[in-house]
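# Understanding the architecture of this molecule
If you want the building blocks of each chain, they are given just below.
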Amino acid sequence: MFARYYVELPIAFDAVEGMLLEAPVEWVPGLLRAAEDRGQHLLADVGFEIDTGRVDKEVEISLGESVRIDGKASVPMSWHATGADRLFPQLDGDLEIAALGSERTQLSMNAQYRPPMGAVGRVVDRALLHRVAEATIKDFVDRVGERIAAALAPTS
């Protein structure tokens, strides 16, 4: 299954690119801890807000080698749930940034996920889980954008 979400940041591309590619520990929302290999495997909480509070699940996030093209950059990533893996989807995608002029950057995530439990999971995905996956990706991208914006905000 495929999902995509994006936000626009009122920040120059070069500033966002530097943070995204060089400091993942700074922008991964819900970060619990970085592993030994300099942050390439991170434990984080992902989830989304509902009326009664927040729904979170601990996932291990793996980051791949970044790709840079003029005015664009992407970081391949995947996440899978810790603990009861069979009940939660695995996600593979790219967190991307693209220049939208001199002072704006688009932050987006294109992701594919595999629903758990085979054929039964695919049926449940069509009925409900796809919306949960979309909400989780939206929440993750929104929180990444907020963390980047906060980290790059001028200090007064």
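A short tour of the structure in this document, coming up.

The rules behind the values
Residues numbered from 1 in each chain as written. Predicted model: local features only at pLDDT ≥ 70, side-chain atom pairs only at ≥ 80, totals over all residues. Heavy atoms only, no water. Helix = DSSP H or I, 4+ residues; strand = E, 2+ residues; numbered from the N terminus. Buried < 20%, exposed > 50% of the residue type's maximum accessible area, 1.4 Å probe, protein only. Contact = heavy atoms within 4.5 Å. Phe/Tyr/Trp six-rings, centres within 6.5 Å; stacked < 30°, edge-to-face > 60°. Pairing = 2+ DSSP bridges.

Scanning the protein for helices and strands turns up three helices and eight strands. Ordered by position from N to C terminus, the α and β elements of the protein give β-α-α-β-β-β-β-β-β-β-α. Sorting the 156 residues of the protein into buried and exposed places 38% on the buried side. In the protein, of all internal contacts separated by at least 6 residues, the share reaching a separation of at least 24 is 52%.

Along the chain, Gln106 falls in strand β8 (residues 105-114). A relative accessible area of 17% means that Gln106 is categorised as buried. When the C-alpha atoms of Gln106 and Val7 are compared, they prove to be 5.8 Å apart, with 99 residues separating the residues in sequence. When residues no more than four places from it in sequence are discounted, the contact partners of Gln106 are Arg4, Tyr6, Val7, Glu8, Glu96, Ile97, Ala98 and Leu100.

On to the packing of aromatic side chains, then. Remark: the centre distance and the inter-plane angle together describe each pair of aromatic rings, the angle taken between the planes. Here the structure, examined in full by the defined rule, presents one aromatic pair. On the basis of an interplanar angle of 70 degrees and a centroid distance of 5.1 Å, the ring pair of Trp79 and Phe140 is categorised as edge-to-face. Within this pair, whereas Trp79 is found in strand β6 (residues 72-81), its partner Phe140 is found in helix α3 (residues 118-152), the two being separated by 61 residues in sequence.

Let us now look at the pairing of β8. Burial analysis of β8 places eight of its 10 residues in the buried class, the great majority of the element. Where strand β1 (residues 2-9) meets β8, eight bridges bridge the pair, whose relative direction is antiparallel. Within β8, the residue paired with Leu9 across the bridge is Thr105. Across 10 bridges, the pairing between strand β7 (residues 90-99) and β8 is antiparallel. Note that in β8 the partner of Ala98 across the bridge is Gln106. Hairpin connection between β7 and β8: a loop of five residues separates the two successive antiparallel strands, and Gly101 in this loop has a positive phi of roughly 110 degrees.

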